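What follows is each chain in one-letter form.
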Amino acid sequence: MMVERFQRMIMLLLCGLLVPLPWVASFQSPALQSSWLSKTPTRTSTTSTTTTTRAPTWLSMRRLENASDLTRSSSFFPFSSSGELNNNIAGGQRDLVSLSMASSSSGDDEKKKKAAADKSSGSLRQLLGVKGASQESNIWKIRLQLTKPVTWIPLVWGVMCGAAASGNYHWIWNPLDPNDRDVGLGLEDAAKGFVAMILAGPFLTGYTQTINDWYDREIDAINEPYRPIPSGAISEGEVIFQIWFLLLGGLALAYGMDVWAGHETPVVLLLSIFGSFISYIYSAPPLKLKQNGWAGNYALGASYISLPWWCGQAVFGSLDRPVYFILPVLYSIAGLGIAIVNDFKSIEGDRALGLQSLPVAFGVDTAKWICAGTVTLTQLGVASYLYSVGETTYALILLALLLPQVYFQATLLLPDPIENDVKYQASSQPFFVFGILTTALAIGHHDFSV
């Protein structure tokens, strides 16, 4: 009996000594200490005549005290035989292995979740045609990526602004105006607006982006090698076919819009031809306007703001006053500033290929001030005009939308335009585009006959 108790004490001492230090903090209660102790294997160094153990530590002595009180309960501390002790040792080893496997499995699950999230994000970016897209082999997804759907949004918005500026767009059921509740007329105008958006977005913007990627394939190989053309994901013949399909399809749709709107002069078709020509000389040699910072950025701003505005206004009204041209042109100057933001990220590739974007020509510090100045001053000019014609409420709304843009210029654009280009665009542009809509609503509301 005494020998058996002595064996238990020796095993307790060894268990206390051999607990790894990283586990110390996890054992704060006697129950946890004894539970772990009951499953921990022991090690002894034996000779032919003696058994040697290391001197007990304060931690092992504390465990010994707690465990000795529990030895009376054979169900909790059943060291009644060496066989049962060996079983407990084996059980402790199995528990440690299980714990290690569970930890590894948890880590693998986290990695799988992260990989799935990255794949989902990459797929979305691929469909939108933005940086960070995943690689695709599906030709239709690649064709869609070439058109950069994310760039359709400003053109679609421009058509909406033109419709608002016409003052002749009818709602299906206008809750604010009892005289504007003709459901049939509202449905027809909604259909016209939708088709005009398809023309400006998927067709003509898709054409513009595809032809731009085609002529930029060398510079994209430096700046964005993951793009479909430099990566070889789509063939030359497939790209050329897409360019012609989108161009001719867009022009046919534009002519159909003129017939639908009853135009004697095909205004929408002429605007579409002009816009397509600007898109071509913007990207293609020998002119390649994008090589010239001023001309290229203004052409880009006009394509994204003025042309869709005029298209929307022509579908629902007429372009018979100078102000209908002047205000979109002013906003296109602001668009020049926004286009400069896109040039900051491409400065290395532009410089390598001799493209004179404004950041290359003037340097980053000067270009960022040109960007901020054109965006801010043009909107101040538009607000002043609206005030001068008596549209004070709209002028004040426009000024209120300008203030956060100035704030984001001061906190994001001017400190570091290269690092913060995406953040600045995402933060500032919503206020800018709502400012355009505010101006369009003011023009549609104003009575120019007075």
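Quick notes on the rules
Residues numbered from 1 in each chain as written. Predicted model: local features only at pLDDT ≥ 70, side-chain atom pairs only at ≥ 80, totals over all residues. Heavy atoms only, no water. Helix = DSSP H or I, 4+ residues; strand = E, 2+ residues; numbered from the N terminus. Buried < 20%, exposed > 50% of the residue type's maximum accessible area, 1.4 Å probe, protein only. Contact = heavy atoms within 4.5 Å. Areas by Shrake-Rupley, 256 points an atom, 1.4 Å probe, with all protein chains shown as cover. Polar contact = N/O pair within 3.5 Å; in protein donor to acceptor, adjacent residues only side chain to side chain. Expected span 1.5 Å × (residues − 1). Salt bridge = Lys/Arg side-chain N within 4 Å of Asp/Glu carboxyl O. Axes fitted to C-alpha atoms, helices over the stretch in contact; angles between N-to-C directions. Parallel < 35°, antiparallel > 145°, perpendicular 65-115°, else oblique. Nonpolar A, V, L, I, M, F, W, Y, C, P; charged D, E, K, R; others polar. Phe/Tyr/Trp six-rings, centres within 6.5 Å; stacked < 30°, edge-to-face > 60°. Lys NZ or Arg CZ within 6 Å of the ring centre and 35° of its normal. Lys, Arg positive; Asp, Glu negative; His and termini not counted.

What is the right way to read the overall build of the chain from this model?
What the chain contains, in helices and strands, is 19 helices and 2 strands. Taken over 450 residues, the chain has a buried fraction of 43%. Of the contacts made within the chain by residues no fewer than 6 positions apart, 68% connect residues no fewer than 24 positions apart. Here the chain has roughly 23,600 Å² of accessible surface; of this, 63% comes from carbon and sulfur atoms.

Looking at this model, I keep getting lost on the environment of Leu-380. Mind explaining?
Inspection of the secondary structure assignment puts Leu-380 in helix 17 (residues 364-388). Residues Leu-380 and Leu-398, 18 residues apart in the sequence, show an inter-C-alpha distance of 8.5 Å. Excluding residues that lie within four positions of it along the chain, Leu-380 makes contacts with Leu-399 and Leu-402.

How should I be thinking about the side chain of Thr-376 in this particular structure?
The residue Thr-376 is located in helix 17 in this model. Of the polar contacts made by the side chain of Thr-376, one reaches the backbone oxygen of Ala-372; its length is 2.9 Å. Apart from residues lying up to four places away in sequence, Thr-376 is in contact with Leu-402, Val-406 and Gln-409.

Just to check I follow, could you spell out helix 12 (residues 293-304) for this structure?
Each α-helix winds once per 3.6 residues, and so residues spaced three or four apart point in a common direction. The terminal C-alpha atoms of helix 12 lie 17 Å apart, and with 12 residues this matches the ideal 16 Å at 1.5 Å per residue to within 8%. Those residues of helix 12 that sit buried are Gly-293, Gly-296, Asn-297, Ala-299, Gly-301, Ala-302, Ser-303 and Tyr-304. One side-chain oxygen at the N-terminal end of helix 12 lies 3.1 Å from the backbone nitrogen of Trp-294; it belongs to Asn-292.

Can you help me understand the pattern of salt bridges in this one?
Once the charged atoms of two side chains with opposite charge are near each other, the side chains can pair. Scanning the entire structure with this criterion turns up 6 salt bridges. Salt-bridge contacts for Asp-213 lead to Lys-148; the nearest nitrogen and oxygen are separated by 4.0 Å. Note that Asp-213 is positioned in helix 7 (residues 183-215) and Lys-148 in the loop between helix 5 (139-146) and helix 6 (152-166), a separation of 65 residues in sequence. With respect to burial, Asp-213 and Lys-148 carry one shared label: buried. For the salt bridge of Glu-188 with Lys-192, the shortest nitrogen-to-oxygen distance reads 4.0 Å. Of this pair, Glu-188 and Lys-192 are both found in helix 7, 4 residues apart, which corresponds to roughly one turn of the helix. Residue Glu-188 is classed as partly exposed on the basis of its relative accessible area of 33%. Put simply, Lys-148, Asp-213 and Arg-227 are held in one network by salt bridges that share partners.

Please explain the packing of helix 14 (residues 323-344) against helix 19 (residues 421-445) as it appears in this structure.
What describes two packed helices is the angle between their axes and the distance between those same axes. Two numbers describe how helix 14 lies on helix 19: the axes approach to 11 Å, and their chain directions differ by 180°. Regarding the angle of helix 14 to helix 19, the classification is roughly antiparallel. Where helix 14 approaches helix 19, its residues Val-323, Tyr-324, Leu-327, Tyr-331, Ala-334, Gly-335, Ile-338, Val-341 and Asn-342 are matched on the opposing element by Asp-421, Tyr-424, Gln-425, Gln-429, Phe-432, Gly-435, Ile-436, Thr-439 and Ile-443. Class assignment for the residues of the contact of helix 14 with helix 19 results in 11 nonpolar, 6 polar and 1 charged.

What am I meant to see in unusual backbone geometry here?
Leaving glycine out, the prevailing phi sign among residues is negative, and the prevailing peptide bond configuration is trans. With omega at 10°, the peptide bond leading from Pro-285 into Pro-286 counts as cis. Tracing the chain through its elements places Pro-286 in the loop between helix 11 (267-283) and helix 12. Phi is positive for Lys-148, close to 50°, though the residue is something other than glycine. Look at Lys-148 and you get buried, because its relative accessible area is 16%.

Mind showing me how you'd approach the packing of aromatic side chains here?
We describe a pair of aromatic rings using the distance from one ring centre to the other and the angle between the two ring planes. A full pass over the atoms with the stated rule returns 11 aromatic pairs. On the numbers, 5.1 Å between centres and 75° between planes, the contact of Trp-157 with Phe-434 is edge-to-face. Linking Trp-157 in helix 6 with Phe-434 in helix 19, this pair joins segments that are 277 residues apart in sequence. On the basis of relative accessibility, which here comes to 19%, the residue Trp-157 falls in the buried class. Judged by centre distance (6.0 Å) and plane angle (75°), the rings of Trp-294 and Phe-362 are edge-to-face. Taken as a pair, Trp-294 in helix 12 and Phe-362 in helix 16 (residues 358-362) lie far apart in primary sequence, 68 residues in all. Among the aromatic side chains, those forming a connected cluster through ring pairs are Phe-203, Phe-241 and Phe-245. The ring of Trp-140 has Arg-143 sitting right over it, with the charged end atom 5.9 Å from the ring centre. If you follow Arg-181 out to its NZ or CZ, it ends over the ring of Trp-173, 4.0 Å from the centre.

Any chance you could explain helix 13 (residues 306-316) here in plain terms?
The element helix 13 is largely enclosed, with a buried count of 11 among its 11 residues. Turning to helix 13, its buried residues number three or more, namely Ser-306, Leu-307, Pro-308, Trp-309, Trp-310, Cys-311, Gly-312, Gln-313, Ala-314, Val-315 and Phe-316.

Mind showing me how you'd approach the side chain of Asp-343 here?
Looking at where Asp-343 falls in the secondary structure, it is placed in helix 14. Although Asp-343 is buried, it forms no salt bridge, and the closest oppositely charged side chain is Lys-290 at an N-O distance of 7.0 Å. Leaving out residues up to four positions away in the same chain, Asp-343 has contacts with Asn-297, Asp-350, Ser-357 and Pro-359.

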